[in-house]
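Chain by chain, the residues:
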Amino acid sequence: MIAALSDPKISPEMKAIAQKVASGQRITFEEGVLLFEEGEIGFLGSLANFIREKKHGDKTYFNRNFHLEPTNVCLYTCTFCSYSRLIKKREEGWEYTLEEMMDLIKKYDDQPVTEVHIVGGVLPQYNLEFYTNLFKAIKMHRPELHVKALTPVEYHYIFKKAKVSYAEGMKLMLEAGLDSMPGGGAEIFHPEIRDQIAGGKCNADQWLSIHEEWHRLGQRSNATMLYGHIESYAHRIDHLDRLRNLQDKTGGFQTFIPLKFRNKNNQMSHISETNMLDDLKMYAISRIYLDNFDHLKAYWPMISREVAQLSLAFGVNDIDGTIDDTTKIYTMAGAEEQSPAMNTRELVNLIRHVGRQPLERDTLYNIITDYTEHVFEEDKKFKGYVSLPVINKKNES
Ligand code: V47
Ligand code: SF4
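First, a word on scope: everything that follows refers to the structure included in this document. (Residues numbered from 1 in each chain as written. Chains lettered and ligands numbered in written order. Predicted model: local features only at pLDDT ≥ 70, side-chain atom pairs only at ≥ 80, totals over all residues. Heavy atoms only, no water.)

**Comments concerning the environment of L290**
Going by this rule: Helix numbering and strand numbering both begin at the N terminus, where a helix is a DSSP run of H or I of at least 4 residues and a strand a DSSP run of E of at least 2. Here, residues are in contact when the closest pair of their heavy atoms is within 4.5 Å.
Position of L290 among the secondary structure elements: in the loop between helix 11 (276-289) and strand 10 (295-296). Leave out the neighbours within four places in its chain, and L290 touches L240, L243, R244 and F256.

**Side note on the packing of aromatic side chains**
As a reminder, the rule being used: Between 30 and 60 degrees the pair is tilted, below 30 it is stacked and above 60 it is edge-to-face, where a pair is any two Phe, Tyr or Trp rings, Trp via its six-membered ring, whose centres lie within 6.5 Å. Buried, partly exposed and exposed residues are distinguished by accessible area as a fraction of the type maximum, computed with a 1.4 Å probe on protein chains only: under 20%, between the cut-offs, and over 50%, respectively. Charge over a ring is defined by NZ of Lys or CZ of Arg lying within 6 Å of the ring centre and within 35 degrees of the ring normal.
Summed over all chains, the structure comprises 15 aromatic pairs. Between the aromatic rings of Y126 and Y131, the centroid separation amounts to 6.3 Å while the plane-to-plane angle is 40 degrees, which identifies the pairing as tilted. For Y126, a relative accessible area of 2% gives the class buried. A residue is classified by how much of its surface remains accessible, and Y131, at 1% relative accessible area, is buried. Taken together, the ring pairs connect F189, W207, F253, F256 and F293 into an aromatic cluster. We note R244 situated over the ring of Y289; from NZ or CZ to the ring centre the distance is 3.8 Å. Note that R361 overlies the ring of Y365, its terminal NZ or CZ placed 4.3 Å from the centroid.

**Some words on the sheet that holds strand 12 (residues 357-361)**
As a reminder, the rule being used: The pairing criterion for strands is at least two bridges between them, as found by DSSP. Every axis corresponds to a line fitted to the C-alpha atoms, with the helix fit spanning only the stretch in contact, and the corresponding angles, defined between N-to-C directions, vary from 0 to 180 degrees.
Read across the sheet, 4 strands follow the order 11-1-12-13 without closing on themselves; strand pairing throughout is mixed. For this open sheet the edge positions go to strand 11 (318-321) and strand 13 (367-370), each flanked by a neighbour on one side alone. Here the strands of the sheet are splayed against their neighbours by 30 degrees on average, with no regard to which way each runs. Two elements, strand 1 (residues 59-63) and strand 12, share 4 bridges in a ladder whose sense is parallel. Counterpart to Y61 in the pairing with strand 12 is L359. Across the sheet, helix 14 (residues 344-352) is in contact with strand 1, strand 11 and strand 12; its angle to strand 1 comes to roughly 160 degrees.

Now the structure itself:
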């Protein structure tokens, strides 16, 4: 039940949207823009939470992963990027060899991680051969480690250089051991904005086509949007709309991850960052608009642990993982955490403290451990505080 439907303060336009959400109907582009322009935060939260609980109840997922970046030197010059070094200043950056990448991967041999997330700058030596060899080497070394790697930004460049089509290229990646594709490189699809902030790298159609080819192979991927800089609300909805259309066609996206623009150490440092309310609105409207996406993820290092907790009442059902950001890609952009890592106990308690159910998942959302009843040894002395049980809403009424 959505309380707003009987609230006399809610306008007829907003009530019509609430009615659609209540009956599982899709909202239009114009309604999406209206939600950004006029949607009050409590109203948006109630709609998004209704959808979240209908899809997942209190289930809240996290995973255990680590991030690796082969290089921070890049041919492109995206204005929001805090981490890349231009080729002419390449001595300031790093360029790992395949052996060095494998040494980094082997450091996690005794840790219960299930996924390695690999992304980095675009450079000629990181070509088709390099990445197919890297994926094969990872699979030889640790076959069960899920390889979530590279975005259409890298794939478009690599395939063009190797003179293979997107379809052939993605098949080669699959054969080499790629398990899934992360959501990066999407930024803002609309050319009015994309050309200003990410000109030169793959455009919206190319980004979407590469995901489409990957989905055609029966494989899954994620999608992101970099919001809160020079884009308008209509640009945000345009982005969500293109994703919703492709998802109707393939069903291959698992998760949408809104990424809040951070303004440290980049060419857009003069632009103010969005505040917490804008961020919660962004999550809520994403949840409402993307009716065909199963999951909505908050990338906690970018928004702080507290906002990640709040986001769980605004449509979010996944807070990424115990990220070990070895090479500091996000801390360089001004993320909330200087060394973004949380252990399992911290993640579980963060979720539990806002009355949700903590579940460790693998990349494809298979449940690895249900922590609902679990009490960590360290928390036994804080009985009734740190290990608050999940509030069972059904028993309350
Ligand atoms: O595409 C770069 C973003 C993305 C900044 O799929 C910035 O599970 C904010 O895609 N402020 C890469 N964001 C990260 C990414 C991702 C992260 C976590 C999980 C998953 C997943 C994917 O990071 C880039 C860009 O949009 N980014 N600079 C910045 N200054
Ligand atoms: Fe290169 Fe990616 Fe940074 Fe753009 S965002 S400059 S493509 S590393």
